[in-house]
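# Summary of structural features
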Amino acid sequence: MHLSDERNTALPPEAGTDQVPRHAALAECDTFVGRVREACANSGTQQALRRGLAKTVDEVPARTHAALLRNGLVPDTAGGATRRAYYAVAALIAARPPAERLLDAATREAVGDETAQADAQGDTPADPADSADVPDGQPRAAAAAAAAGQASRTGERITPGIASQTSESRAHFSWGTSLGASLAQAVTRGGQDAVKEDGVESRLHLLVRQETDGLHRMLPAVLRQLGSAGVMADYGRLLYDVRRWQYDRDTTATRWLEDYYRVLRRARQTQS
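Residues numbered from 1 in each chain as written. Predicted model: local features only at pLDDT ≥ 70, side-chain atom pairs only at ≥ 80, totals over all residues. Heavy atoms only, no water.

### Overview of the overall build of the chain
- Within the chain one finds eleven helices and zero strands.
- Along the chain, helices and strands appear, N-terminal first, in the series α-α-α-α-α-α-α-α-α-α-α.
- Each of the 272 residues in the chain was classed as buried or not, and the buried ones make up 45%.
- At a minimum sequence separation of 6, the contacts of the chain that also span at least 24 residues come to 76%.
- Working note: accessible area of the chain is about 13,700 Å², and carbon and sulfur atoms make up 49% of it. (Helix = DSSP H or I, 4+ residues; strand = E, 2+ residues; numbered from the N terminus. Buried < 20%, exposed > 50% of the residue type's maximum accessible area, 1.4 Å probe, protein only. Contact = heavy atoms within 4.5 Å. Areas by Shrake-Rupley, 256 points an atom, 1.4 Å probe, with all protein chains shown as cover.)

Take a look at the structure:
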């Protein structure tokens, strides 16, 4: 049985924040997410991608394949579980609440206005990689991102190393927000948007026990729950994790659980 190169990629040490540049290992996933968001600006493409929700690659309609493959959104080298992960996350992005899609449009408009203003003044727009707060962030070093992409294609192991386990080195990059951490944010959000902790915990416990098919069936409802709570999922990190699920489910599931309870505990400590 041929195993994907995804199992050769190091697991994120813990849930991160986007106040620092994202790890280069997330660059390929973040690029895909950004391109899908842009593609969803076209309502026809958005609807085509949404039709792929909870389906295998063989079950999606022809228009979904066209939306993803015509412009090369899915890497040609992706196959099996990795290919299915790209289709699934694209569908989840397309199925986001209207408010999130409008936010994307507003962001694109703001960036366009900034670029036009800079061109009118003869200035060079700031490199987004120099900002630690870029949506779906991108690593500060383009060379590192390129190296990570090359490593994933050749099967080279990407590992943070022992030093990355320390608090000092951990501050140099972010692994984004795992699904477990996002669910905890939905619980601790407060107000009318907050979701019931018991329900979220039960759903998470059921989710992490799923094989690949079960994971894909459950993800749309989980993401809808996040959207109803006003929590935006980290789709780049989600793609990274879902790509690994078939080959490293237990480790990824454990990380989601750890992140859920860690974020929940810290939020309560802050509130008290």
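That shown, we press on.
### Considerations on helix α9 (residues 197-207)
- Among all positions of α9, only Val200, Leu204 and Leu207 are buried. For α9, the angular spread of the buried residues around the axis is 60°, confining them to a single face.
- Looking at the buried positions of α9, the neighbouring elements they touch are α8 (179-188), α10 (212-228) and α11 (235-271). (Arc of directions from axis to C-beta.)

### Description of the environment of Gly176
- Inspection of the secondary structure assignment puts Gly176 in the loop between α7 (167-170) and α8.
- The buried category is assigned to Gly176, whose relative accessible area is 0%.
- C-alpha of Gly176 to C-alpha of Tyr235: the two residues are 59 residues apart in sequence and 9.4 Å apart in space.

### Focus: unusual backbone geometry
- Backbone geometry places Ala54, a non-glycine residue, at a positive phi of 60°.
- As for its position among the elements, Ala54 is in the loop between α2 (43-50) and α3 (62-69).

### Concerning the pattern of salt bridges
- One pass over the structure, following the stated rule, counts eleven salt bridges.
- Taking the shortest distance from any N to any O, the salt bridge between Glu28 and Arg243 comes out at 4.0 Å. Taken together, the residues span a long stretch of sequence, with Glu28 in helix α1 (residues 27-39) and Arg243 in helix α11 at a distance of 215 residues.
- The salt bridge partner of Asp248 is Arg244, with a shortest N-O separation of 2.7 Å. Remark: Arg244 and Asp248 occur in helix α11; sequence separation between them is four residues, near one turn of the helix.
- Accessibility expressed as a relative area gives 3% for Arg244, which makes it buried.
- Several salt bridges converge on common partners, so that one network encompasses Arg22, Asp30 and Asp234. (Salt bridge = Lys/Arg side-chain N within 4 Å of Asp/Glu carboxyl O.)

### Quick word on the nonpolar core
- Of all hydrophobic cores here, the largest spans 57 residues; its most connected members are Phe32, Leu179, Leu223, Tyr235 and Leu238.
- Ranked by residues supplied to this core, first place goes to α11 with ten residues.
- In this structure, Leu238 is in contact with Leu92, Leu179, Leu219, Leu223 and Trp256, ignoring residues within four places of it in sequence. (Core = buried A, V, L, I, M, F, W, Y, C linked by side-chain atoms within 4.5 Å.)

### Structural notes on α8
- For α8, the tally of buried residues reaches eight of ten residues, placing the bulk of the element in the interior.
- Inspection of α8 places Leu179, Gly180, Ala181, Ser182, Leu183, Ala184, Ala186 and Val187 among the buried residues, and these make up the whole buried set.
- A positive backbone phi angle near 80° is found at Gly190, which sits one or two residues after α8.

### Section: the side chain of Asp259
- One can find Asp259 in helix α11.
- Among the polar contacts listed, one links the side chain of Asp259 to the side chain of Arg262, at a separation of 3.1 Å. (Polar contact = N/O pair within 3.5 Å; in protein donor to acceptor, adjacent residues only side chain to side chain.)

### Structural notes on the packing of aromatic side chains
- Taken as a whole and assessed by the stated rule, the structure comprises five aromatic pairs.
- For the ring pair Phe32 and Tyr86, a centre distance of 4.8 Å and an interplane angle of 80° mean the geometry is edge-to-face. Pair noted here: Phe32 is in helix α1 and Tyr86 is in helix α4 (residues 80-94), with a separation of 54 residues, a long-range link. Tyr86 matches Phe32 in its accessibility class, with the two residues each being buried. (Phe/Tyr/Trp six-rings, centres within 6.5 Å; stacked < 30°, edge-to-face > 60°.)

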